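Residue-level structural notes
Now for the letters of each chain:
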Amino acid sequence: MRKKLIAGNWKMHLVPVEARALIAAIRAEIDHDAAALAKDRDVMVAPPDILIPAVAQALAGSSILLGAQNMHYEDKGAFTGEVSPPMLNAYGVTHVIAGHSERRHIFHETDELINRKVLAALKHRMAPILCVGETQDEHDSGRALDVVLDQLRRGLENVGDDQVTAVAIAYEPVWAIGTGRNATPDQAESVHAAIRSAILQRYGPERASAVRIIYGGSVNADNVDSLVSKPDIDGALVGGASLKADSFARIVRARTR
Ligand code: PGA
């Protein structure tokens, strides 16, 4: 069985003192039954890069995993303002979000660039979380699946048979991010199933059934259960609701069936 993945994306929020306090509050809520939770789910938080050292320290001794929201694909070089895979590795980062819609739309990241990041994360033994999702216009004009499957295919270019199960896919309809409007569980499930079947066609049934496909877009304490209890929804990528310990802890405890 696939383990669920509950991932918090802090985006560009918090300063170190707030980040430490948030981790302490999350730990106060979930540490006492971390072992039970860890049986069927992984929990991860992705702070802004500059907070990673403080958060790594605050997570010492916890089973909560540390993620990054983005990274450059080269190991080092003249790339002003960027952060490399070895820099993230040095702080124990295990997951890297690649191609979040805010990176695609605000910072004009292309599928080719995102694919390089996916390959770089794998090369450095970090698990990429490849984000895909259609805009409101694409949704309204009935092109959601075409867009999502195209982003998937391009994002996984040159990802080998032996690597694909380390990748998680995040389906995040752009119209649902930060809007309070989320896809219904059935809507999301049908896209997740289509993503899994595309992975199956390319990588075979065993690998397809091992790849985690998580949902993102206005996930909160009230809607998480109905989403993650769907057969192909393997967890959640949570923005706004991951910034409050009580709501994130509730999401971490989602009922999965
Ligand atoms: P949201 O963000 O939960 O605030 O909608 C999700 C995301 O962008 O990953």
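Placed above this text is the structure.
Below: a short report on this structure. Note that the coordinates shown come from a computational prediction; the quantities given were computed from them, not determined experimentally.

In the vicinity of the ligand there are 13 residues, among which Lys 11, His 100, Glu 172, Gly 178 and Ser 218 approach most closely. A distance of 2.6 Å separates an oxygen atom of the ligand from a polar atom in the side chain of His 100. Contacts to the ligand include Ser 218, whose backbone N or O atom sits 2.7 Å from an oxygen atom. Compared with its free state, where it exposes 280 Å², the ligand has 95% of that area covered by protein. Grouping the amino acids of the shell around the ligand by side-chain chemistry returns four nonpolar, seven polar and two charged.

To continue, consider the sheet that holds strand E5 (residues 127-132). Strand pairing in a sheet is mediated by backbone hydrogen bonds. Such pairs are either parallel or antiparallel. Within the closed barrel, the eight strands sit side by side as E1-E2-E3-E4-E5-E6-E7-E8. Their pairing is parallel. Looking at each pair of strands side by side, their axes are set apart by 25° on average, direction ignored. As defined by bridge partners, strand E7 (residues 212-216) adjoins strand E8 (residues 235-238) across two bridges and the pair is classed as parallel. Opposite Tyr 215, over in E8, you have Ala 236 as the bridge partner. The sheet contacts of helix H8 (residues 144-155) involve E5 and strand E6 (168-171), and relative to E5 the element is tilted by about 150°.

The next point concerns the nonpolar core. With 64 residues, the main nonpolar core has Val 55, Ile 169, Ile 195 and Tyr 215 as its most contacted residues. Excluding its chain neighbours within four sequence positions, the residues that come into contact with Ile 169 are Leu 130, Val 132, Leu 152, Ile 195, Ile 199, Val 211, Arg 212, Ile 213 and Ile 214. Membership of the second largest hydrophobic core comes to 11 residues, among which are Met 44, Ala 46, Ala 170 and Ile 214.

With five of five residues buried, E7 is to be regarded as a mostly interior element. Both faces of E7 are covered, namely the face carrying Arg 212, Ile 214 and Gly 216 and the face carrying Ile 213 and Tyr 215. Where E6 and E7 come together, four bridges link them in parallel fashion. Its bridge partner lying in E7, Ala 170 is registered against Ile 214.

What follows deals with the side chain of Asn 9. For Asn 9, the position within the fold is in strand E1 (residues 4-9). What Asn 9 contacts, discounting residues up to four positions off in sequence, is Ala 46, Gln 69, Ile 97, His 100, Leu 237, Val 238, Gly 239 and Ser 242.

To continue, consider helix H9 (residues 185-203). The end-to-end C-alpha separation of H9 is 26 Å, in line with the 27 Å expected for 19 residues at 1.5 Å each. Lining the buried residues of H9 we find E5, H8, E6, helix H10 (205-210), E7 and helix H11 (224-228).

Each packed pair of helices is defined by two parameters, the angle between the axes and the distance between the axes. Two elements in contact, H8 and H9, have axes whose closest approach is 10 Å; the angle formed by their N-to-C orientations is 40°. Accordingly, the angle class assigned to the pair H8 and H9 is oblique. Crossing of H8 over H9 shows right-handed handedness. For the pair formed by H8 and H9, the contact residues are Leu 145, Val 148, Leu 149, Leu 152 and Arg 153 on the first element and Val 191, Ala 194, Ile 195, Ala 198, Ile 199 and Arg 202 on the second. Residue composition of the contact of H8 with H9, grouped by class: nine nonpolar, no polar and two charged.

Next up on the list: the packing of aromatic side chains. What the rule picks out here adds up to one aromatic pair. When the ring centre of Phe 107 is taken as origin, the NZ or CZ atom of Arg 103, which lies over that ring, is 4.3 Å away.

Attention now goes to the environment of Val 164. Following the sequence through the fold, Val 164 ends up in the loop between H8 and E6. Put simply, Val 164 and Pro 231 are 67 residues apart on the chain and 20 Å apart in space, counted from C-alpha to C-alpha. With residues near it in sequence (within four places) discarded, Val 164 still touches Val 159, Tyr 203, Arg 207 and Val 211.

Let's shift gears to H8. With 12 residues, H8 extends 16 Å between its outermost C-alpha atoms, agreeing within 8% with the 16 Å of an ideal straight helix rising 1.5 Å per residue. Those residues of H8 lying buried are Ala 144, Val 147, Val 148, Gln 151, Leu 152 and Gly 155. Along H8, the residues classed as buried sweep out an arc of 130° about the axis, all on the same side. In the core, the buried residues of H8 are packed alongside helix H5 (101-105), helix H6 (111-123), E5, helix H7 (136-140), E6 and H9.

Turning to the pattern of salt bridges, a few remarks are in order. A side chain of one charge can pair with a side chain of the opposite charge when the charged atoms of the two come close. What the rule picks out here adds up to 20 salt bridges. The structure contains a network of salt bridges with shared partners spanning Arg 2, Arg 196, Asp 232 and Asp 234.

Conventions adopted
- Residues numbered from 1 in each chain as written.
- Predicted model: local features only at pLDDT ≥ 70, side-chain atom pairs only at ≥ 80, totals over all residues.
- Heavy atoms only, no water.
- Near = heavy atom within 4 Å.
- Polar contact = N/O pair within 3.5 Å; in protein donor to acceptor, adjacent residues only side chain to side chain.
- Areas by Shrake-Rupley, 256 points an atom, 1.4 Å probe, with all protein chains shown as cover.
- Nonpolar A, V, L, I, M, F, W, Y, C, P; charged D, E, K, R; others polar.
- Pairing = 2+ DSSP bridges.
- Helix = DSSP H or I, 4+ residues; strand = E, 2+ residues; numbered from the N terminus.
- Axes fitted to C-alpha atoms, helices over the stretch in contact; angles between N-to-C directions.
- Contact = heavy atoms within 4.5 Å.
- Core = buried A, V, L, I, M, F, W, Y, C linked by side-chain atoms within 4.5 Å.
- Buried < 20%, exposed > 50% of the residue type's maximum accessible area, 1.4 Å probe, protein only.
- Expected span 1.5 Å × (residues − 1).
- Parallel < 35°, antiparallel > 145°, perpendicular 65-115°, else oblique.
- Left-handed = near helix turned anticlockwise from the far one by under 90°.
- Phe/Tyr/Trp six-rings, centres within 6.5 Å; stacked < 30°, edge-to-face > 60°.
- Lys NZ or Arg CZ within 6 Å of the ring centre and 35° of its normal.
- Arc of directions from axis to C-beta.
- Salt bridge = Lys/Arg side-chain N within 4 Å of Asp/Glu carboxyl O.

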